[in-house]
Structures are given as C-alpha cells and as structure tokens.
Amino acid sequence: MAHTYRTTATYGGGADGPRGWKATASRYALLPLRVFLGVTFVYAGLDKITDDRFMAASGTGSIGETMRSVRDSSAVPWLVDLALKNPEGFGYGIAFGELAVGIGTLVGLLARLAAAGGALISLSLWLTVSWQSDPYYYGNDLAYLMAWLPLVLAGAPLLSLDAALAARRRRAR
C-alpha cells in the first residue's frame, strides 16, 4: 500500500499514477527539440549576417566560395548555379530565412510553416553543401531535416503563440 501511495504522490497523477506523468511528458516531448532548433537557427542566421567574410561573393569563408567549391559535387548543381548568380543575396536570403524560422519556432507562431521553412533550408543545404559527405551521416543537414519533420507534423501545441491564439478563438466562439 505504501508503495502505491509513493508512486501516486511522486508522479502527481492522482488515480492515474504514472499514466498522468506519461501524458504530461508526451505533451511536452517536442519542446526540447523546438527550443534547440529555434535557438540554433536564430544563432545561425545572426552568425551569417554579422560575418562580413561570409556575406561576400569571393574569398575564404564566403558564401560564394562555398557554393563554387560544392558546385560539382552537389546533387542539384542548378540550385548552386542559381545561388552563384548573386551569392550575397543568396547568403542574406539564407540568413534571414534562418532567423524567421528560428524566431517562429521559438515563439510558436505559424509553427508548422516555420518548421517547413527549416526543413526546406536543411534540405537545400543537404542537397548542396553536405551532399558529398561520405558516409552520408557525417553531414549534419540531413539530421536537421529529419529533426524538423516532427514539428512540421505537430506544430507547437504548447507554450506557443499558436496555442494562445487557438485558445482565444475557442473562447470567442
């Protein structure tokens, strides 16, 4: 009897016991992933925007040099060619895209759209920059793509502006 009481009290699940704890854990399961991806993409966007070397058409560490170096090993060389038409513009597009995705993911606003944007950025980087990684699991962009997919499917149902707006709409009805 004492064991049952401790279990119920420990998990705070009342009559549910561990089942209540598991339900709570399930509801919050995607939150660490959302925070990690959001912070990472905000950091990546800010890092690119503040790095003059990265936002250059040529030179060591530049987006232009990076694109030229992966052009022939890319799965989609036409995408690299498109980026090479305006490397600085492409660099700013990626950086501001990462910022928008990261902020949207962190605050949970248009979370599925933000996650889809993150998945598209990761997919484009995998098919261009990381494509030549051998074995494939050495390239991190494929892992980021897979990490975005649960958020594309689930959105941000807790601790998000999307959830607050949905609750507000329900109350207004």
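Along each chain, numbering runs from 1 in the same order as the chain's sequence is written. With pLDDT at 70 or above as the cut-off, local features in this predicted model cover only qualifying residues; side-chain atom pairs require 80 or more to be listed or tallied, and sums for whole chains, interfaces and linings still use all residues. Note that water and hydrogens are dropped before the side-chain values are worked out from all heavy atoms of the structure.

## Considering the packing of helix α7 (residues 111-128) against helix α8 (residues 140-154)
Inter-axis angles, ranging from 0 to 180 degrees, are taken between N-to-C directions of lines fitted to C-alpha atoms, where helices are fitted over the stretch in contact. What counts as a helix is a DSSP run of H or I of at least four residues, what counts as a strand is a run of E of at least two, and both are numbered from the N terminus. Orientation of α7 relative to α8, taken along the N-to-C sense of each, is 160°, at an axis distance of 8 Å. Comparing their axes, α8 and α7 come out roughly antiparallel. In this structure, α7 crosses over α8, and the sense of that crossing is left-handed. Residues Arg112, Ala114, Ala115, Ala116, Gly118, Ala119, Ser122, Leu123, Leu125 and Trp126 of α7 form the contact with α8, whose own contacting residues are Asp141, Leu142, Tyr144, Leu145, Trp148, Leu151, Val152, Leu153 and Ala154. Each angle gets one of four labels, with under 35 degrees taken as roughly parallel, over 145 as roughly antiparallel, 65 to 115 as roughly perpendicular, and the rest as oblique. Each crossing is labelled by how the near helix is turned from the far one, with a counterclockwise turn of less than a right angle marking it left-handed and a clockwise turn marking it right-handed. By definition, residues are in contact when any of their heavy atoms lie within 4.5 Å.

## Some words on the packing of aromatic side chains
Pairs were defined over the aromatic rings of Phe, Tyr and Trp, the Trp ring being its six-membered one, requiring ring centres within 6.5 Å. Orientation was assigned from the angle between planes: stacked under 30 degrees, edge-to-face over 60, tilted for the rest. Scanning the entire structure with this criterion turns up 7 aromatic pairs. Look at phenylalanine 36 and tyrosine 144: their rings are 6.2 Å apart centre to centre, the planes differ by 10°, and that puts the pair in the stacked class. With phenylalanine 36 in helix α3 (residues 31-49) and tyrosine 144 in helix α8, this pair connects stretches of sequence that are 108 residues apart. A 1.4 Å probe rolled over the protein chains alone gives each residue an accessible area, and that area as a share of the maximum for its type sets the label: buried under 20%, exposed over 50%, partly exposed in between. For phenylalanine 36, a relative accessible area of 43% translates into the label partly exposed. Since its relative accessible area comes to 19%, tyrosine 144 is described here as buried. Put simply, the rings of Phe36, Phe41, Tyr144 and Trp148 touch in pairs and so form one group of aromatic residues. In our convention, an over-ring charge means Lys NZ or Arg CZ found within 6 Å of a ring centre and within 35 degrees of that ring's normal. Of note, lysine 48 hangs over the ring of phenylalanine 54, and the distance from its end group to the ring centre comes to 5.7 Å.

## Structural notes on the pattern of salt bridges
The term salt bridge refers to a side-chain nitrogen of Lys or Arg lying within 4 Å of a carboxyl oxygen of Asp or Glu. This model, assessed by the stated rule, comprises 5 salt bridges. Notably, a salt bridge pairs glutamate 98 with lysine 48, separated by 3.1 Å at the nearest N-O pair. Here glutamate 98 is found in helix α6 (residues 87-107), whereas its partner lysine 48 is found in helix α3, with 50 residues between them in sequence. A residue is classified by how much of its surface remains accessible, and glutamate 98, at 3% relative accessible area, is buried. Within the structure, one salt-bridge network assembled from shared partners comprises Arg71, Asp72 and Asp81.

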